[in-house]
Amino acid sequence: MPSEKLEVGNPVLRAKNIIKHFPVGGLKRGRYVHATDAVSLDLYAGHVVALVGESGSGKSTIAKLLSQLVPITSGTIELNGQLINKHSRRKFKEYTNEVQMIFQDPFGSLNSIHTVRYILGRALQIHKKSLHGAKLQEAVIELLQRVKLTPAARYIDKFPHELSGGQRQHISIARALAADPKVLLADEPISMLDVSIRLGILNLLKDFRDNYGIAILYITHDVASARYFADETLVMYAGRIIERGNSEMVTQHPAHPYTDLLVNSAPDPDHFNALRGEAKGEAPSLIDPPSGCRFRTRCPFATELCAAQLPPTVKAATGQEVACWLYTDNPGAMVNIGNKGDLTTIHDLNLPEQVKAKLIQNKEEK
Ligand SMILES: Nc1ncnc2c1ncn2[C@@H]1O[C@H](COP(=O)(O)OP(=O)(O)O)[C@@H](O)[C@H]1O
Ligand code: SF4
Ligand SMILES: [Mg+2]
């Protein structure tokens, strides 16, 4: 669900119901890792969408699907309103020019035997074959300036191992920009970097959003950086999007019980457990994911309905879209809930008033 700001114009990149099931133990055995299930998202020019979730929730798979590094099992991807035809090589090349990826590991993603001059020159030539000689050198220098590695002469003849992690990530970003992309897919671009330089990278990406109108998908497990950087935040759990909306609301007033866990456990991993009682446990296996709501094995509010049926996605009073039975008017969802947590906690929850009333009533009856 795009925020009001995001509804302006058409999405540059649109993914609809994309599914990726990786075969495990050979195709014959018929078992699959359900890495992403029915994920839809829109990326708009000049906006950042954050994709937040624990390790293993399917975030990188989304980036790989959107960059066409791996084929989708089903669903569709549209770039500038055009359905992507995975069989056309020319279309594929056009696509990779427009949709560039920045990886988590700036150490592994740059070829160590080449200088910055070669790495960026090559990236420019892949996308603009006519660039040669002095013009190419000028373009390399301009790229270095765009990513704030100045004076460019200090960096241009360096090998990757002569640069710090942060500088290498700047080079990776410059390499992505060489293609003059419309979309950047940034998969945890700061998580391997020193805390002191993370903000610099995010501000650099912000600059591209604001001054070049690039659409950015920012993948992270760090809720605070999503709040700082992204216009819209999508929360992923076990391969599915479980909450989405304006970043401020999602991160400050989470609606889904899992987002609440993620947000409140940021400074203190036991916070959620301490407050809500029984949210302990690990993310489920994606080979045989739980029926119904995939969070039910950890959710303190889970009911039989949660196990029986996938919760629909509905709008919470605070504006987010949330996939949770607690936010529907289905009275069946409210049977048996409220076994866990205490009354003070219930009052603080960002739940519909009638659900809170039911929780409190259940609690008082016990
Ligand atoms: N090539 C693959 N083959 C089989 N399983 C995979 C493959 N790539 C990722 N997975 C699985 O898909 C799930 C999601 O992984 P990933 O997208 O990397 O999550 P995240 O980026 O959120 O940590 C994990 O269970 C992972 O083990
Ligand atoms: S649908 Fe049920 S199990 Fe899932 S988050 Fe909501 S209450 Fe918890
Ligand atoms: Mg990942």
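Residues numbered from 1 in each chain as written. Chains lettered and ligands numbered in written order. Predicted model: local features only at pLDDT ≥ 70, side-chain atom pairs only at ≥ 80, totals over all residues. Heavy atoms only, no water.

- Under an unreviewed UniProt entry, the name given to the protein is Putative Di/Tri-peptide transport ATP-binding protein, and the organism recorded is Lactococcus lactis subsp. cremoris.
- Under Sequence similarities (unreviewed entry), UniProt gives the following word-for-word description of the protein: "Belongs to the ABC transporter superfamily." (UniProt positions renumbered as here; feature names shortened; annotations may be inferred.)

**Thoughts on the sheet that holds strand S10 (residues 240–246)**
For step 1, the next point in the chain: Strand order across the open sheet formed by 8 strands is S6-S7-S8-S3-S9-S10-S12-S11, with mixed pairing between neighbours. Among the strands making up the open sheet, the edge pair consists of strand S6 (99–102) and strand S11 (313–315). Between one strand axis and the next, the sheet turns through 20 degrees on average, direction left out of account.
For step 2, the next point in the chain: Judged from the 2 bridges that link them, S10 and strand S12 (residues 321–323) form a sheet pairing that is antiparallel. Bridging across to S12, Glu-243 finds its partner in Val-322.
For step 3, the next point in the chain: Contacts between helix H6 (residues 195–212) and the sheet are confined to strand S3 (48–52), S6, strand S7 (183–187) and strand S8 (215–220), with S8 contributing the most and set at about 155 degrees to the helix. (Pairing = 2+ DSSP bridges. Helix = DSSP H or I, 4+ residues; strand = E, 2+ residues; numbered from the N terminus. Axes fitted to C-alpha atoms, helices over the stretch in contact; angles between N-to-C directions. Contact = heavy atoms within 4.5 Å.)

**Some points on the pattern of salt bridges**
For step 1, the next point in the chain: One pass over the structure, following the stated rule, counts 10 salt bridges.
For step 2, the next point in the chain: Residue Arg-117 is joined to Asp-157 by a salt bridge in which the shortest nitrogen-to-oxygen separation is 2.9 Å. Of this pair, Arg-117 sits in helix H3 (residues 116–127) while Asp-157 is found in the loop between helix H4 (133–146) and helix H5 (165–177), placing the two residues 40 residues apart along the sequence.
For step 3, the next point in the chain: Using a relative accessible area of 29% as the deciding quantity, one classes Arg-117 as partly exposed.
For step 4, the next point in the chain: Its relative accessible area of 45% is what places Asp-157 among the partly exposed residues.
For step 5, the next point in the chain: Across the pair Lys-148 and Asp-207 runs a salt bridge, and its minimum N-O distance is 3.4 Å. (Salt bridge = Lys/Arg side-chain N within 4 Å of Asp/Glu carboxyl O. Buried < 20%, exposed > 50% of the residue type's maximum accessible area, 1.4 Å probe, protein only.)

**Notes on the site of ligand 1**
For step 1, the next point in the chain: The full set of residues close to ligand 1 is Phe-22, Val-33, Ala-35, Glu-54, Ser-55, Gly-56, Ser-57, Gly-58, Lys-59, Ser-60, Thr-61 and Leu-286.
For step 2, the next point in the chain: Here Gly-56 contributes a backbone N or O atom positioned 2.6 Å from an oxygen atom of ligand 1.
For step 3, the next point in the chain: Within the contact set of ligand 1, an oxygen atom lies 2.8 Å away from a side-chain nitrogen or oxygen of Lys-59.
For step 4, the next point in the chain: For ligand 1, whose free accessible area comes to 560 Å², the fraction covered by protein is 64%.
For step 5, the next point in the chain: When contributions to the shell around ligand 1 are tallied by element, the ones reaching two or more residues are strand S2 (31–43) and helix H1 (59–66).
For step 6, the next point in the chain: Counting residues per element, the shell around ligand 1 draws most heavily on H1, at 3 residues. (Near = heavy atom within 4 Å. Polar contact = N/O pair within 3.5 Å; in protein donor to acceptor, adjacent residues only side chain to side chain. Areas by Shrake-Rupley, 256 points an atom, 1.4 Å probe, with all protein chains shown as cover.)

**Some remarks on the nonpolar core**
For step 1, the next point in the chain: Core analysis: the biggest nonpolar cluster contains 72 residues, and Leu-144, Ile-173, Leu-205 and Tyr-327 have the highest contact counts within it.
For step 2, the next point in the chain: Membership of the second largest hydrophobic core comes to 28 residues, among which are Leu-51, Ala-63, Leu-66 and Val-183. (Core = buried A, V, L, I, M, F, W, Y, C linked by side-chain atoms within 4.5 Å.)

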